[in-house]
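# Geometric and topological summary
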Amino acid sequence: QVQLVESGGGLVQAGGSLRLSCVASGSIFSISDMHWYLQPPGNQRELVAGISSGGVINYADSVKGRFTISRDNAKNTVYLQMNSLKPEDTAIYYCHAVVRPRLVDPYSPVWGQGTQVAVSS
């Protein structure tokens, strides 16, 4: 069983910063892509940023230049540094990873439980 646990959310004023972390634990042989998604109240979940095991990165246009995704493969951890936060960034942020639990297993998607980010104006 693989688990993803996010941390680092909270309440911050507009223009402030937060750093989210997501640690994968359990039976893990390898992790392929890791992502951060957000889900505003009443809206669908959408991709914020993604990073491959080799370090290829992509961002949603809305966060380019403000957010930075990174990962520590030795720690099975992905980070999201969020700067210049805006009220419209308010959402639950979810970590997502594509994980192979054992060498004999296929890669499968895993979701974290989410962490709340609230940005006040």
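Here, the structure is the one placed above.
Residues numbered from 1 in each chain as written. Predicted model: local features only at pLDDT ≥ 70, side-chain atom pairs only at ≥ 80, totals over all residues. Heavy atoms only, no water.

### As for the overall build of the protein
This is how the line gets drawn: By the criteria applied, helices consist of DSSP H or I runs no shorter than four residues and strands consist of E runs no shorter than two, each listed in order from the N terminus. In this description the radius of gyration comes from C-alpha coordinates, and the expected globular size is given by 2.2 Å times residues to the power 0.38.
Looking only at helices and strands, the protein has 0 helices and 11 strands in total. Secondary structure of the protein in N-to-C order comes out as β-β-β-β-β-β-β-β-β-β-β. Relative to its length of 121 residues, the protein is compact, with a C-alpha radius of gyration of 14 Å against a globular reference of 14 Å. Summarising its shape, the C-alpha atoms of the protein cover approximately 50 × 25 × 25 Å along the three principal directions.

### Quick notes on the pattern of salt bridges
Here is the rule we go by: Salt bridge, as used here: a side-chain nitrogen of Lys or Arg that lies within 4 Å of a carboxyl oxygen of Asp or Glu. Exposure is judged per residue with a 1.4 Å probe applied to protein chains only, and the accessible area is read against the type maximum: over 50% gives exposed, under 20% gives buried, and values in between give partly exposed.
Tallied over the full model, the rule gives 3 salt bridges. As a salt-bridge pair, Lys64 and Asp61 come within 3.1 Å of each other at their nearest N and O atoms. Where Arg102 meets Asp105, a salt bridge forms, and the shortest distance between an N and an O atom there is 2.9 Å. We classify Arg102 as partly exposed; its relative accessible area is 48%. With relative accessibility at 17%, the residue Asp105 sits in the buried group.

### A few points about the state of the cysteines
Such a bond, covalent and formed between the sulfur atoms of two cysteines, is termed a disulfide. Spelled out, the test is: Put simply, a disulfide is two cysteine sulfurs that come within 2.5 Å.
Tallying each qualifying case throughout the model produces 1 disulfide. Between the sulfur atoms of Cys22 and its disulfide mate Cys95 the distance is 2.1 Å. Judged by the sign of its S-S torsion, about -80 degrees, the cystine formed by Cys22 and Cys95 is left-handed. One end of the pair, Cys22, is in strand β3 (residues 18-26); the other, Cys95, is in strand β9 (residues 91-100), and 73 residues separate them in sequence. According to the relative accessible area criterion, Cys95 is buried, its value standing at 0%.

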